[in-house]
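Chain by chain, the residues:
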Amino acid sequence: MKELEDIVKSYHAACRQGIKTALATVVHVEGSAYRQPGARMLVTETGMLTGAISGGCLEGDALRKAQLVMMQQRPMLVTYDTNDEDDAKLGVGLGCNGIIHILLEPVNAEDPGNPVAMLQEITSHRTPAVLVTLFTLRQRKAPQPGTCLVLTANGQLHHCITDAQLQNAITADAHQALQTRTSFTKTYVSTGNDYTTHTAYIPPAPQLLIAGAGNDVIPLVKMAALLGWHTTVIDGRPGYATTMRFPEATQVITAKPVQVLPQVQTDQYTVAVLMTHNYNYDLALLAQLLPLPLPYIGVLGPAKKLQRMLDELAENGICISPIQRERIHGPAGLDLGAETSEEIALSVISEIKSVLSAAAATSLREKTTAIHSREQQIIHQQQL
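Within each chain, residue numbers correspond to sequence positions counted from 1 in written order. For this predicted model, a pLDDT threshold of at least 70 governs which residues receive local features, and a threshold of 80 or more governs which side-chain atom pairs are given and counted, while totals over whole chains, interfaces and linings are taken from all residues. Where side-chain values are given, they derive from all heavy atoms of the structure, hydrogens and water being excluded.

Undergrad: Give a detailed account of the packing of helix α1 (residues 2–16) against helix α4 (residues 115–123), specifying residues and quantitative values.
TA: The geometry of α1 relative to α4 is characterised by a closest axis approach of 9 Å and an angle of 130 degrees between their N-to-C directions. Between α1 and α4, the crossing angle belongs to the class labelled oblique. Viewed along their axes, α1 and α4 form a crossing whose handedness is left-handed. Counted together, Leu4, Glu5, Ile7, Val8, Tyr11 and His12 of α1 and Val116, Leu119, Gln120, Ile122 and Thr123 of α4 form the full contact between these two elements. Tallied by class, residues from the contact of α1 with α4 come to seven nonpolar, three polar and one charged. Angles shown run from 0 to 180 degrees and are taken between the N-to-C directions of axes, each axis being a line fitted to C-alpha atoms and, for helices, limited to the stretch in contact. A run of H or I in DSSP becomes a helix once it reaches four residues, and a run of E becomes a strand once it reaches two; helices and strands are each numbered from the N terminus. An angle below 35 degrees is treated as roughly parallel, one above 145 as roughly antiparallel, one from 65 to 115 as roughly perpendicular, and anything else as oblique. Working rule for handedness: look at the near helix, and if it is turned counterclockwise from the far one by less than a right angle, call the crossing left-handed; if clockwise, right-handed. Any two residues whose heavy atoms approach within 4.5 Å are treated as being in contact. Think of it as three bins: nonpolar holds Ala, Val, Leu, Ile, Met, Phe, Trp, Tyr, Cys and Pro, charged holds Asp, Glu, Lys and Arg, and polar takes everything else, Gly as well.

Undergrad: Explain the pairing of strand β12 (residues 230–235) to me, and be specific about the residues and the numbers.
TA: Only protein chains enter the calculation, and the probe is 1.4 Å; a residue is then buried if its accessible area is under 20% of its type maximum, exposed if over 50%, and partly exposed in between. Of all the six residues making up β12, five are buried; the element is thus mostly covered by neighbouring parts of the structure. Strands qualify as paired when DSSP identifies two bridges or more between them. Here five bridges tie strand β11 (residues 207–211) to β12, and the two strands are oriented parallel to one another. The partner of Leu209 across the bridge, within β12, is Thr232. Place the viewer so that the strands point away; then a crossover is right-handed whenever the path from the first strand over the helix to the second strand goes clockwise. Considered for its hand, the β-α-β crossover made up of β11, helix α6 (residues 217–226) and β12 is right-handed. Where β12 meets strand β13 (residues 251–254), four bridges bridge the pair, whose relative direction is parallel.

Undergrad: I'd love a proper account of the packing of aromatic side chains, names of residues and values included.
TA: Whether two aromatic rings pair depends on their centres lying within 6.5 Å, for rings of Phe, Tyr and Trp, where Trp uses its six-membered ring; planes under 30 degrees apart make the pair stacked, over 60 edge-to-face, and the rest tilted. Counted by the stated rule, this structure contains zero aromatic pairs. Distance and angle both matter: a charge sits over a ring if NZ of Lys or CZ of Arg is within 6 Å of the ring centre and within 35 degrees of the ring normal. Over the aromatic face of Tyr240 sits the side chain of Arg237, whose NZ or CZ is 4.0 Å from the ring centroid. When the ring centre of Tyr279 is taken as reference, the NZ or CZ atom of Arg308 above it lies at 3.9 Å.

Take a look at the structure:
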């Protein structure tokens, strides 16, 4: 989500200066690649890049081709193959043993349905969304429709598909992607051109609630902001919970535990960390958070502290279900040997990321399969 937010921000800055832009999207990958389908990058005619489509090896050549796209005002599908000697001559040097298909689209500021306008529709609401990019792999020289549809969880649908039959099929698949929270690639076979879509499920940015406004919270807020997470700092001490101390925070709240939840909107992408170093404050807020469907609640401190909190909640008649207990992580963080507040922040952020991604948080060298799932590389087919 942060990449999309940065692209929208950079696009508006370019528009204010009258600078032309183009959007580069990874639409399909065969084999290994640094970025997966759905990765995007905004390119300006002056050479400014926002976002990324690779580890830096494709950006230079993509910039040159994007400038051509801006001049011609016509989308272009570009393929980079590590086994292609011409790519080696260009100095691409992917080193990933993969084939990457990049769609380059000019962005017309006068068109209300341009690609970045569709990205903005996603970033302006804190709801899951589906973004569909339409292209044709079999006829690379044929017209490439590009970013064509946005479906949000609140039911808003925006599209620029002229073929009614194709639109109905793509819209139905977008609803399926939204319901199943999955992304996929699909080719729609017809008597005319065969079009392929990358249908991407895009969740909102994680929202991190941090109970505590001590000095050890500062690096946690900074790291979360760097990742594009929306952070809310909560504390009962007005001298600590200030925007001056936490300029990167999305929101700073000074309140008692019972006054916190009416001031925040939580959802299934909200996580929390209790680190006020005030036992009673953390305990009271934990009681408030337990009924919410938060995927992660971290409690800083030793395991004995958490067990004492759970025992007191039980004594007060608050029953904790196995599912609720599974969501509570204490001591919070991964075992990284952390000592300083910055290292502890890294440990906690890493654990939250692993939970949200349903990842094992083990060393990549221990994996016996590909780093990224190859499921998205499968191109399903549908006859229209």
